[in-house]
Amino acid sequence: ASSAGLPAAYAELPPLPEDRVRYSMGSLSTRLRSKTRDDDFVAKTLQQLYQDGILHTKDDDGFKAYVSTLRSLEYGGHWQWAVQVLGEMRDANPDVKNEHAQVCHHVVISAVGKAELWQRALEVMEDMPSAGFKPDFETYQALATAVSRNGQWQAALSLIVRGIEERQANHESYCIAMMACARENAWEAAIALLAGADETTAHETQKDEILYGIAAYACMQAKQWEAAVQLFADMKASKIDPDATCYACVQSACKAAGKSEIADKLTKQMADHGLREEAKEILSESMIVLDTPEMRNPIPIFAIADMCHKEVGVLKFVQSRSKRGDVDSVLAALESFAAERKWLKVQGDEKRILLEKTLRHGDRIVEMGCYVGYSSMVMARRIRQLGGEGSITSCDVDAPVAYIARAIHQWAGIEGEVQIRVGAAHDWILTGQLGEIDFLLLDHRGTIYHEDLHVAEDKLSEKAIVWADNVLHPGAPLFLNYVDVQGYTIEIHELQEFMKEGLDDWVVICVPPRKEDRKKWVKDDQPQEFRRLSAEIDAISWRSQSHSVDWIGFQERVSPIFMEWKKERGL
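Residues numbered from 1 in each chain as written. Predicted model: local features only at pLDDT ≥ 70, side-chain atom pairs only at ≥ 80, totals over all residues. Heavy atoms only, no water.

How do you make sense of the state of the cysteines when you look at a structure like this?
Between two cysteines, a covalent bond joining their sulfur atoms is known as a disulfide. Per the counting criterion, the structure on display carries zero disulfides. With no disulfide of its own, Cys370 lies closest to Cys395 among cysteine sulfurs, the gap being 9.0 Å. Its relative accessible area of 3% is what places Cys370 among the buried residues. (Disulfide = S-S within 2.5 Å. Buried < 20%, exposed > 50% of the residue type's maximum accessible area, 1.4 Å probe, protein only.)

Now the structure itself:
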């Protein structure tokens, strides 16, 4: 877009140079998450989003970019800018009324609510019909949440009731209303909502363990042990099984009231049902909510604990052993966890030093394999040291673990410098949303490095570097064959695996050939020995997830194959 086509707020800013480095939508919007950025920085970032044609109202991609940008402004506390950008979107195309434009209003309501301006948030909703937008489920939920954040539980309850009357409410709406009551000790209102759940016109809403759990929490908060016990009895009578959180709320209410006999009986029932018995720890976990920039809705940590128990432990350890906002402190805590609790497969020690040495000023980095976010924090710290230009996008296929990584990044204060994408890395590359790549870090499943590199090649810049970890341990033989056949310039760095005495590894740093020199790749045209070895590596890697394996013995058996390959090529 030319400067003449920019919204008025940016048209008078100095024009951006034509030869500037182009960043992806995600990389630019990520910068707006920082709570320390001033208005000048925000204005220049928005100017780039507009001038690069990222923010527009021509199709769904443009509206999705508005949603992403507004979410970042919301997280960064830039609510005035969020209101302004919403107005710019509406002015640019007053006739478009799609779902993404609707969501933009919800994000702005939330942004204003987080600034403790709940009446202003209400104004945003009341103004929607004038622009042709009708409040829906999420509108009422966003506004009720914004209002309840400001301690206005009666107003939040009134909004949800209004949503129910307009048939714009569901189970989640009910939960928001009950939690608003619970936080302000309005336990009777919470119980009244529960009592009417089976008769409400709210979609897909009926009494269940979640609503009972919120009501029990309200009783616990208000020190109403008798009401809590009655709720528990009602659940049993309705054949609804209490979950661990509900047990813990009723048990804690009884214990606080000196009713130890009832509390002990509940503890025994928890044990009989195979539930954890530590009420304090259960309640502590139920109060920990993952609410990071790339998550549309907050998630309580107990909801993912069973899927990534070790990584939840890592997050708790980091938060107890490091200083918030201090990247050095968080990295040290992760290394301490690996030394004191359970080993973590992260790029510590020699690998970290090599990674830092390889990065360059302004690199647009894509990492395949985020895990708990260690290497992305190392890179963010290094980017800062190099002047702050550049971007980092990390992809991970494991959603629960990605949530933990986001929370650790948030704790470290780098959420405005790193974006985490959930899903297969090659799928993200194919969307084109990650932009051009200067530094590609491969640190996921070594046996498919070659496939993902092949997909990424069209996005590699002229100065691109490929940095591949774990090439010897557990191994990436097909990747070695690929970069050799394709004519990459190859450097092999022989290092010791982090905190694993006796285990060696290779980091391979390579530079791709010019585009015109690339060869056509035939996936099945690979050495049979390497294909067989790759299958073995996959098998032992999967086995190691649930059983102890002899990695040193495995390496002693297969490393001669790698060493012979290296010797034949004079590397």
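Now that the structure has been shown, we can carry on.
Would you mind showing me how to read a negative patch on the surface here?
A cluster of like negative charges, contributed by Asp59, Asp60, Asp61 and Glu99, occupies part of the molecular surface. Relative to the elements of secondary structure, Asp59 occurs in the loop between helix 3 (39-51) and helix 4 (60-76). Take Asp59: its relative accessible area is 37%, and that puts it in the partly exposed class. (Patch = residues over 30% accessible without salt bridge, like charges linked within 9 Å, V, L, I, M, F, W, Y side chains within 5 Å. Areas by Shrake-Rupley, 256 points an atom, 1.4 Å probe, with all protein chains shown as cover. Salt bridge = Lys/Arg side-chain N within 4 Å of Asp/Glu carboxyl O. Lys, Arg positive; Asp, Glu negative; His and termini not counted. Charge placed at Lys NZ, Arg CZ, Asp CG, Glu CD. Helix = DSSP H or I, 4+ residues; strand = E, 2+ residues; numbered from the N terminus.)

I tried to follow the pattern of salt bridges on my own but got confused; where do I start?
A full pass over the atoms with the stated rule returns 30 salt bridges. Arg22 is the partner of Asp52 in a salt bridge, and the nearest nitrogen-oxygen pair spans 3.7 Å. In this pair, Asp52 is assigned in the loop between helix 3 and helix 4 and Arg22 in the loop between helix 1 (8-11) and helix 2 (25-31), connecting sequence segments 30 residues apart. Note on Arg22: relative accessible area 36%, which makes it partly exposed. Between Lys345 and Glu497 there is a salt bridge, and its shortest N-O distance comes to 2.6 Å. Taken together, the positions of Lys345 in the loop between helix 18 (327-340) and helix 19 (350-358) and Glu497 in the loop between strand 8 (489-496) and strand 9 (504-511) put the pair 152 residues apart, joining distant regions of the chain. Given the relative accessible area of 30%, Lys345 is considered partly exposed.

Any chance you could explain the pairing of strand 3 (residues 364-368) here in plain terms?
Successive side chains on a regular strand alternate, one facing one side of the sheet and the next facing the other. Burial analysis of strand 3 places five of its five residues in the buried class, the great majority of the element. Residues Arg364, Val366 and Met368 line one face of strand 3 and the alternating positions Ile365 and Glu367 line the opposite face, and both faces are buried. Where strand 3 lies against strand 4 (residues 391-396), five bridges are found, and the strand directions are parallel. Residue pairing in the sheet places Val366 in a bridge with Thr393 of strand 4. In this view, the connection linking strand 3 to its parallel neighbour strand 4 by way of helix 20 (residues 374-385) has right-handed handedness. Bridge count for strand 3 against strand 6 (residues 437-442) is four bridges, and the pairing is parallel. Each bridged residue has a counterpart across the sheet, and for Ile365 the counterpart in strand 6 is Phe439. (Pairing = 2+ DSSP bridges. Right-handed = clockwise from strand over helix to strand, strands pointing away.)

Looking at this structure, I do not really get the side chain of Gln555. What am I missing?
Mapping Gln555 onto the fold places it in helix 27 (residues 551-568). Among the residues examined, Gln555 registers a relative accessible area of 7% and is labelled buried. Excluding anything up to four places from it in sequence, Gln555 contacts Leu472, His473, Gly502, Leu503, Asp504 and Pro560. (Contact = heavy atoms within 4.5 Å.)

So what exactly am I meant to see when it comes to the sheet that holds strand 6 here?
Within a sheet, neighbouring strands are paired by backbone hydrogen bonds and run either parallel or antiparallel to one another. If you walk across this open sheet you meet the seven strands as 5-4-3-6-7-9-8, and the pairing is mixed. Across the chains shown, the open sheet's two edge strands, defined by having one partner strand only, are strand 5 (418-422) and strand 8. Within this sheet the neighbouring strands show an average axis-to-axis angle of 15°, counted without direction. Where strand 4 and strand 5 come together, five bridges link them in parallel fashion. Bridge pairing in strand 5 places Ser394 opposite Ile420. Across the sheet, helix 25 (residues 477-485) lies against strand 6, strand 7 (460-468), strand 8 and strand 9, angled at about 25° from strand 9, the strand it touches most. (Axes fitted to C-alpha atoms, helices over the stretch in contact; angles between N-to-C directions.)

Help me understand the pairing of strand 4, please; the structure alone is not making it clear to me.
By the criterion of burial, strand 4 is predominantly enclosed, with six of the six residues buried. Here strand 4 shows a buried face lined by Ser391, Thr393 and Cys395 and a second buried face lined by Ile392, Ser394 and Asp396. With helix 21 (residues 399-412) bridging strand 4 and its parallel neighbour strand 5, the resulting β-α-β unit is right-handed.

Remember that the coordinates give geometry; whether it matters functionally is a separate question.
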